[in-house]
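# Chains, contacts and geometry: an overview
Each chain is listed here by its residues.
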Amino acid sequence: MTAPLPMTAYRPRLTRTLGVEPRGDWRVRVTGISASGVLPDAAAQEAALDAADKLLPPVTAERPGMAFLIVHTGTEALWGILGWWELDILYVRSLRADLGTTDFHLVPPDGPTACAWELLVVDQERQSWVAHVLSRPHDPDYDGYLSVNLGLS
């Protein structure tokens, strides 16, 4: 007989697109997730965007300046998952702040990447990137990619 896992059963979490923010040459779609049912506030979003700003590389022809940022008020921390596209490759950086703070730090390479709720958003980002950009390389629709509303709950 197997032992039960030391966790509560999976339940969907409130997840909403919070907007698209310009950051230099980048456009960053921000999505909020909440374990408590209250989406991350403006201070948490801005702190995550500021931390992400420092990690975004220069825009190039292969890296057209489309990124996403998931800001997740979880049960153990405030998380920021930054992703950007370089052609068909996704680059991801994970950020963490202690609950009750917005002091984000880069998660070390041997630390966590994303949780089950964040990966739902990453999958929707991938689907949108494939549909609007990779499926039409001669006429990529970046506005279409960014306009997809990621609303899960």
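A quick note: this is a predicted structure, and the numbers were derived from the prediction, not measured. (Residues numbered from 1 in each chain as written. Predicted model: local features only at pLDDT ≥ 70, side-chain atom pairs only at ≥ 80, totals over all residues. Heavy atoms only, no water.)

## Some words on the pairing of strand 4 (residues 78-86)
For strand 4, a buried count of eight out of nine residues is recorded, marking the element as mostly surrounded by other parts of the structure. Strand direction decides the pairing type here: strand 3 (residues 66-73) and strand 4, joined by seven bridges, are antiparallel. Each residue of the ladder has a partner; that of Phe68, found in strand 4, is Gly83. Hairpin geometry of strand 3 and strand 4 is characterised by an intervening segment of four residues between the two adjacent antiparallel strands. Judged from the nine bridges that link them, strand 4 and strand 5 (residues 89-97) form a sheet pairing that is antiparallel. Bridge pairing in strand 5 links Gly80 to Leu95. Between the antiparallel neighbours strand 4 and strand 5 lie two residues, among them Leu87 with a positive phi of about 55°. (Buried < 20%, exposed > 50% of the residue type's maximum accessible area, 1.4 Å probe, protein only. Helix = DSSP H or I, 4+ residues; strand = E, 2+ residues; numbered from the N terminus. Pairing = 2+ DSSP bridges.)

## Regarding the layout of surface pockets
What the largest pocket holds in volume is close to 480 Å³. Where the lining of the largest pocket is concerned, the elements lending two or more residues are strand 4 and helix 2 (116-134). Residue composition of the lining of the largest pocket, by class: 12 nonpolar, five polar and four charged. (1 Å grid on protein atoms, 1.4 Å probe; cavity = no way out; pocket = protein on both sides within 12 Å on 5 of 7 lines; lining within 4 Å. Points joined across faces, edges and corners; volume = space filled by probe spheres on them. Nonpolar A, V, L, I, M, F, W, Y, C, P; charged D, E, K, R; others polar.)

## Focus: the packing of aromatic side chains
This structure, assessed with the given rule, holds six aromatic pairs. Considering the side-chain rings of Trp85 and Trp129, the 5.2 Å spacing of their centres and the 5° angle between planes classify their relative orientation as stacked. Taken as a pair, Trp85 in strand 4 and Trp129 in helix 2 lie far apart in primary sequence, 44 residues in all. Each member of the pair Trp85 and Trp129 is classed as buried. Three or more aromatic residues joined by ring pairs form one cluster here, namely Trp85, Trp129, Tyr142 and Tyr145. A cation over a ring is seen here: Arg29 above Tyr145, with NZ or CZ 4.9 Å from the ring centre. (Phe/Tyr/Trp six-rings, centres within 6.5 Å; stacked < 30°, edge-to-face > 60°. Lys NZ or Arg CZ within 6 Å of the ring centre and 35° of its normal.)

## Examining the side chain of Arg29
Position of Arg29 relative to the elements: it lies in strand 2 (residues 26-34). Polar side-chain contacts of Arg29 include one of 2.9 Å to the side chain of Glu125. (Polar contact = N/O pair within 3.5 Å; in protein donor to acceptor, adjacent residues only side chain to side chain.)

## A look at helix 1 (residues 42-53)
Taking 1.5 Å per residue as the helical rise, helix 1 with its 12 residues ought to reach 16 Å, and the 16 Å between its terminal C-alpha atoms agrees with that figure. The secondary structure elements touched by the buried residues of helix 1 are strand 1 (14-23), strand 2, strand 3, strand 4 and strand 5. For helix 1, the N-terminal capping position is held by Asp41, with its side-chain oxygen 3.2 Å away from the main-chain nitrogen of Ala43. (Expected span 1.5 Å × (residues − 1). Contact = heavy atoms within 4.5 Å.)

## Overview of the nonpolar core
Judged by nonpolar contacts, the single largest core of 19 residues is most densely connected at Val28, Leu56, Ala67, Leu69, Val71, Leu82 and Phe104. Going through the elements one at a time, strand 2, helix 1, strand 3, strand 4 and strand 5 are the ones with two or more residues in this core. Tallying contributions element by element places helix 1 first for this core, with six residues. Non-local contacts of Val71, meaning those with residues more than four positions away in its chain, are made with Val30, Thr31, Gly32, Ile33, Pro40, Ala44, Gln45, Ala48, Leu78 and Trp79. Grouped together as the second largest cluster of nonpolar side chains are 13 residues, Ile33, Phe68, Ile81 and Val133 included. (Core = buried A, V, L, I, M, F, W, Y, C linked by side-chain atoms within 4.5 Å.)

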